[in-house]
Amino acid sequence: MKAATFRANSVGRSAPIALADEQMLDQLQRSAFEYFLKQTNARNGLVADTSRVGSPASIAVVGFALSAYPVAVERGWIARDDAVHRSLTTLRFFSASDQSGALMSTGCNGFYFHFLDVHTGLRAWESELSSIDTALLIVGMLTAAAYFSGATPAETELRQLANALYERVDWQWAQHEDHDDHAVAQGWKPESGFLNYGWQGYNEALVLYALGMGSHTHPLTSASFEAWTVTYQWENLYGIDFLFAGPLFVHQFSHAWIDFRGIRDRFMREKNCDYFENSRRAAKVQRQYAIRNPRGFAGYGQDCWGLSAGDGPSVEPRMVAGRRQAFYGYAARGAPWGPDDGTITGSSVVASLVFAPEIAWPALRQMYARAGAEQGRYLHAAGFNDSAGATSDVDGTSGAKASWICEGESGLDQGMIVLMIENFRSGLLWRLTRSIPCLRAGLKRAGFRGGWL
Amino acid sequence: MTASTFAAIPRRVRPISPDDAERLVNVSPADWRSPKPRSVYHLLVLGAGPAGLAAARAAAALGAHVALIERHQIGGDCLNDGCIPSKSLIRTGRLLADMRDAAHFGAVPPAEMVFDFRAAMLRMRRITARISRTDSAMNLAREGIHLFFGTARFTGADSVDVDGLPLRFKKALIATGSRSMLPDVPGLAEAGFLTNETVFNLQVLPRSLLVLGGGPLGCELAQVFARFGSRTLISHREPLFLPLEERDAAQMVSDALARDGVEIHLNSTATKVWMEGGQKVVELVNDGNTATTRVEHILTGIGRVPAVQGLNLEAAGVAYDAAAGVHVDDFLRTSNPRIFAAGDVCLKHQFTNTAAASARIVVRNALFLGRERMSALNVPWCTYTDPEVAHVGLYVKQARQQRIPVKTFTIPMHDVDRAIADGEEDGFVKIHVREGSDQILGATIVARHAGEMINSISLAMVAGIGLRELANVMQAYPTQGAAIRQAADAYLRTRLTPLKLKTARRWLQR
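Residues numbered from 1 in each chain as written. Chains lettered and ligands numbered in written order. Predicted model: local features only at pLDDT ≥ 70, side-chain atom pairs only at ≥ 80, totals over all residues.

As a further point, take the overall build of chain B. Helix and strand counts for chain B stand at 17 helices and 24 strands. A globule of 510 residues ought to have a C-alpha radius of gyration of about 24 Å, and chain B, at 25 Å, matches this closely. Taking the intrachain contacts of chain B between residues at least 6 apart in sequence as the baseline, contacts between residues at least 24 apart amount to 67%. (Helix = DSSP H or I, 4+ residues; strand = E, 2+ residues; numbered from the N terminus. Rg over C-alpha atoms; globule rule 2.2 N^0.38 Å. Contact = placed C-beta atoms within 7 Å.)

Structure follows, in structure tokens:
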């Protein structure tokens, strides 16, 4: 059977773009993909969470890597055989991994610990067994299976493993009975059991629910989706109606795989919207916040926005525009209620391109050009902050401006850059996941109708 | 969590300042002579807190023969150990915070700020003494209320015994309030702790203080003592403070506490307390990770349980349980048709205003054949952290659980001119309406003066005024309350459909 090929077409974007912009996207996407080549342990397919020395692997980043390989094959950056080999190595590792749930294992009940030692594949940093990160890993596996549809033994094994690993996940178990009205627990630890956090309010968990509800082995109940969506808040903020969530990544992660254009669940039918349009509005809200810039951070403005999860400065508090401002290091930043310490996550602007090109393009061009010869550095970095490096006196008016930029890169950021640019250019990931039966079934069970469903 | 309540507090308390002596004369006079009892009272009220006082006064004003029985001090928890003392100290804390930020406003504070804890506490006592005059024992007696100090026990369906004195009633109101709940932490009782009652008797500012429990009172006092300069920690079992409130509001309180230097331990449980070198050592567990901290004092702001013990409710045929308190229907009737309940002893919302409002319902329902329902009340409440968190009506989640389509109009305080000018931009006004209409379902306000602002939403809800009409209400400009008007304007803009716009443009270009 001939493997399916995909070409850039209208599934992704509709309007033609200038050559310089096309080159910028190409450079950004390709250099982001380099992360996966550099940061992967070839023996087990595990990918480092960040480029920092000694970083453990993040299972979510592995999910992004598995989804990025098809992009790289399509773009001619790596050979199909190489991509298959990399994917298969990863899947074999997870298939054979220690699922005992012991303190130093890899996972249990089909879920995996958030962070794993890159070399041993065992739990790192006493991390939690993570429901969302497992979902991002699994959707990556299923995406690879959808792309590598060839009849070769390797591609056949790849598909079998991906499906087996998906079927092994006991989603019901994560729907911990003591938890908020059947909602899925965010995680579990061998030392203390389920975490005290449930999924509350709109967040990146759409893909988790779609996978969990589509399972024919251990499906989530319909009540779980209801229990989650009942905590949604539909707000009119800065004159924009949208389903509220502060950080941009929340509005973007599930969309890296699932095409939410035109498909609606009960909530979105009630609001005459869809999740894709909602993400466009979320980007506009962020831009409005940056224009207002209530805390007077340096740099913020109509073309400099993007508060999301990412790294930031961990320096001592200092005066910014008359306020004593603390800096939060790694944090899930959001607008308008914060946390906000003046740090921008560039990848969230790249990922906004597909939703709101009219406002993302100018911001993207400006951030891309900022580092001069190191074009794109501000977009690849895990965060930059123009206030933390600036010195200012008590009224915040004077001072030498020096930007703080994260030395390291995050695998999640690079994954989002690769996948979302691809969705913008060709819609590849969206088309692949449309063909995954369990995702379709899960979305339907969650009440999604219309559009491509 | 298992909970136990504190033992009964002795009525005779030694005054700790001249003002406190005046307060004690007002709220618990040592030489009080009980009146000669009537053969039967129209209304007998157990407890002279906010609910009992409101009911006794309303009934007496209408000519009813009223007996009011108080075990401890008139005014209840609110006046003596709660709202009023804490608000007095909160005011001092705000001033200190403003002084800390004074340079931003062009006023350079002295290099070394001196805080006199004793003076702040004396001021607090002066304030409670002043307020206690209104509800003094003498005033109540002048209003015709028969006031008895003592411990009441029901002896039958229509009678009580007050320290050996039998009293009979046609109708009775149980308004005994609530008591502090002590968390079941091994070693806590032995090590000693402060409660919301005893914390106001402190003579010396604690060097360090651990607040157990992140409810309203815990958050308020943690912020106050941090601002006073105590090293302050707060530990809370849930991932966010203020479990009743919406996430954004609770997160803002958490951020504010952190800014004031409070060490925050969310998702944490105190598992053990012991003494070491004159200090209290507390073990805190968070997701299996254990940490210990040493403090001078521990404050349990953890919550309240209804005060139902010792009333011999069984003799009166009044159903109750230790957790929910006296069981009442929507008309606040107990299982004995002669007996009603109001306030903390029977209600989920344990607030002073709710206690008084429920008591007034009882007067109408018990004495005047009223059919007023507790559920019809719009209860606003406020947590007096800085910024404050105020709420009225439904939360979005409650509306969605009832399948009511709901939309929220959100105005950040950083979009409100006066808040910007005041340098008080942290917070928001969120007004929840039924989707497709302007009917206000509820609102949450986080702002420095949220408690003042929520009242106009309450007024609108009770009067049945929607956002459309609110947009027509002129307001003084600039005010922080204008945020509510801005939300109404945002509503109006959403009603500007493309068709309406087109029609308007055509009209203008005719």
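Moving on: the pairing of strand β6 (residues 159-162) of chain B. Working note: regular strand, side chains alternate between the two faces of the sheet. Residues and elements named next belong to chain B. Alternating positions in β6 separate cleanly, V160 and V162 being buried on one face and S159 and D161 remaining unburied on the opposite face. Pairing of strand β5 (residues 152-156) with β6, which is carried by 4 bridges, proceeds in the antiparallel orientation. Looking at the pairing, A152 lines up with V162 of β6. Between the antiparallel neighbours β6 and strand β7 (residues 165-174) lie 2 residues, among them D163 with a positive phi of about 45 degrees. (Buried ≥ 20, exposed ≤ 12 C-beta atoms within 10 Å, placed from the backbone. Pairing = 2+ DSSP bridges.)

All right, on to helix α4 (residues 83-100) of chain B then. When the terminal C-alpha atoms of α4(B) are compared, their 25 Å separation across 18 residues agrees well with the 26 Å that a helix rising 1.5 Å per residue should span. Burial in α4(B) covers these residues: C83(B), I84(B), P85(B), S86(B), L89(B), I90(B), T92(B) and G93(B). (Expected span 1.5 Å × (residues − 1).)

Looking now at the domain arrangement of chain B. All names here are of chain B. Entries for chain B in the domain assignment read domain 1 (10-89 + 121-179 + 305-376), domain 2 (182-302) and domain 3 (387-498). Placing a centre on the C-alpha atoms of domain 2 and another on those of domain 3 gives a separation of 33 Å. With 7 residues of domain 2 at the interface, the matching set in domain 3 holds 9 residues. The class makeup of the residues in the side of domain 2 that touches domain 3 is 5 nonpolar, no polar and 2 charged. (Domains from an automatic or database assignment. Nonpolar A, V, L, I, M, F, W, Y, C, P; charged D, E, K, R; others polar.)

Turning next to helix α14 (residues 450-463) of chain B. Residue and element names in this part refer to chain B. Here α14 is 14 residues long and its end C-alpha atoms lie 20 Å apart, about the 20 Å a rise of 1.5 Å per residue gives. Looking only at α14, the buried set comprises A450, M453, I454, I457 and A460. Here the buried residues of α14 occupy an arc of 110 degrees about the axis, which is enough to place them on one side. When the buried face of α14 is taken as reference, the exposed residues oriented beyond 90 degrees from it are V462 and A463. Of the surrounding secondary structure, the elements contacted by the buried residues of α14 are β20 (381-383), β21 (388-393), β23 (428-434), β24 (440-447), α15 (467-470) and α16 (482-494). Immediately beyond the C-terminal end of α14, within one or two residues, lies G464, with a positive phi of roughly 70 degrees. (Arc of directions from axis to C-beta.)

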